[in-house]
Amino acid sequence: MRIGDALPEERIEVTPTFVVSTAIATRDFQDVHHDRDLANAKGSKDIFVNILTSTGIVQRYVTDWVGPEALVRGVSVKLGVPCYAYETLTLFGQVLDTEETGDEVRHVIEVLGRNSLGEHVRASVRVVLPGGHA
């Protein structure tokens, strides 16, 4: 893994079931994540993905690419436009930094998630690999 290496693009179809099930799985019972009528009444065009789901998607995207030996040391997320049901979320990533420190290799990976409205999420994920696994 080198600075500038690109992660493969990943597309996630954001179905209503995906939005609802991930909100419940993260114990987020806010109505805007599972009740379309109430979401509309609050000014939203549909139910939308919660921040914990966006964070989990980013983390899984990176760990699927880096491999099972990676230890996630931090995820910093900035949300943009909502990710509504019936959207396609497309993820892109690249290695921003890498540093070998004796018995481990540290990497910083930037992830962008976009849908039809624009940038949904921008994140920085810090991972560590055991020494010799660069």
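How each quantity is defined
- Residues numbered from 1 in each chain as written.
- Predicted model: local features only at pLDDT ≥ 70, side-chain atom pairs only at ≥ 80, totals over all residues.
- Heavy atoms only, no water.
- Salt bridge = Lys/Arg side-chain N within 4 Å of Asp/Glu carboxyl O.
- Core = buried A, V, L, I, M, F, W, Y, C linked by side-chain atoms within 4.5 Å.
- Buried < 20%, exposed > 50% of the residue type's maximum accessible area, 1.4 Å probe, protein only.
- Helix = DSSP H or I, 4+ residues; strand = E, 2+ residues; numbered from the N terminus.
- Contact = heavy atoms within 4.5 Å.
- pLDDT = per-residue confidence, 0-100.
- Expected span 1.5 Å × (residues − 1).
- Patch = residues over 30% accessible without salt bridge, like charges linked within 9 Å, V, L, I, M, F, W, Y side chains within 5 Å.
- Areas by Shrake-Rupley, 256 points an atom, 1.4 Å probe, with all protein chains shown as cover.
- Pairing = 2+ DSSP bridges.

Below, the discussion takes up the pattern of salt bridges. Under the criterion given, the structure shown has eight salt bridges. Among the ionic pairs, R122 bridges to E119, the shortest N-O distance being 2.9 Å. In the salt-bridge network here, residues are joined through shared partners; they are E110, R114, E119 and R122.

This next bit is on the nonpolar core. Counting 26 residues, the largest nonpolar core has V14, V62, V66, L89, L91, I109 and V111 as the members making the most contacts within it. Secondary-structure elements contributing two or more residues to this core are β1 (6–14), α3 (51–66), β3 (87–101), β4 (104–115) and β5 (118–130). Among all residues touching L91, those that are not within four sequence positions of it are P8, E9, E10, I12, I57, Y61, V111, L112 and G113.

This paragraph deals with the confidence of the model for the protein. Here the protein averages 94 in pLDDT, while 97% of its residues score no lower than 70. At the level of individual helices and strands, the protein shows its lowest average pLDDT in β3, which scores 94, and its highest in β1, which scores 98.

Residues lying three or four places apart along an α-helix face the same way, a consequence of the helix completing one turn every 3.6 residues. With 16 residues, α3 extends 23 Å from end C-alpha to end C-alpha; this agrees with the ideal 22 Å at 1.5 Å per step. All buried positions along α3 are accounted for by T53, S54, I57, V58, Y61, V62 and V66. Packed against the buried residues of α3 are β1, α1 (16–25), β2 (71–79), β3, β4 and β5. Taken from the residues just after α3, G67 is the one with a positive phi, measuring 115 degrees.

The backbone phi angle of R27 is positive, close to 60 degrees, even though this residue is not glycine. Following the sequence through the fold, R27 ends up in the loop between α1 and α2 (36–41).

Let's shift gears to a nonpolar patch on the surface. Taken together, the side chains of I51, L52 and L79 make up a nonpolar region of the molecular surface, amounting to roughly 260 Å² of accessible area. Checked against the element boundaries, I51 lands in helix α3.

Okay, the pairing of β3 next. Taken together, the seven bridges between β1 and β3 define a ladder with antiparallel strand orientation. When the sheet's bridge partners are listed, A6 is paired in β3 with Q94. Looking at chain direction, β3 and β4 are connected through eleven bridges and run antiparallel. Paired with D97 across the strands is V108, a residue of β4. In this antiparallel pair of consecutive strands, β3 and β4, the connection spans two residues, and G102 shows a positive phi of 70 degrees.

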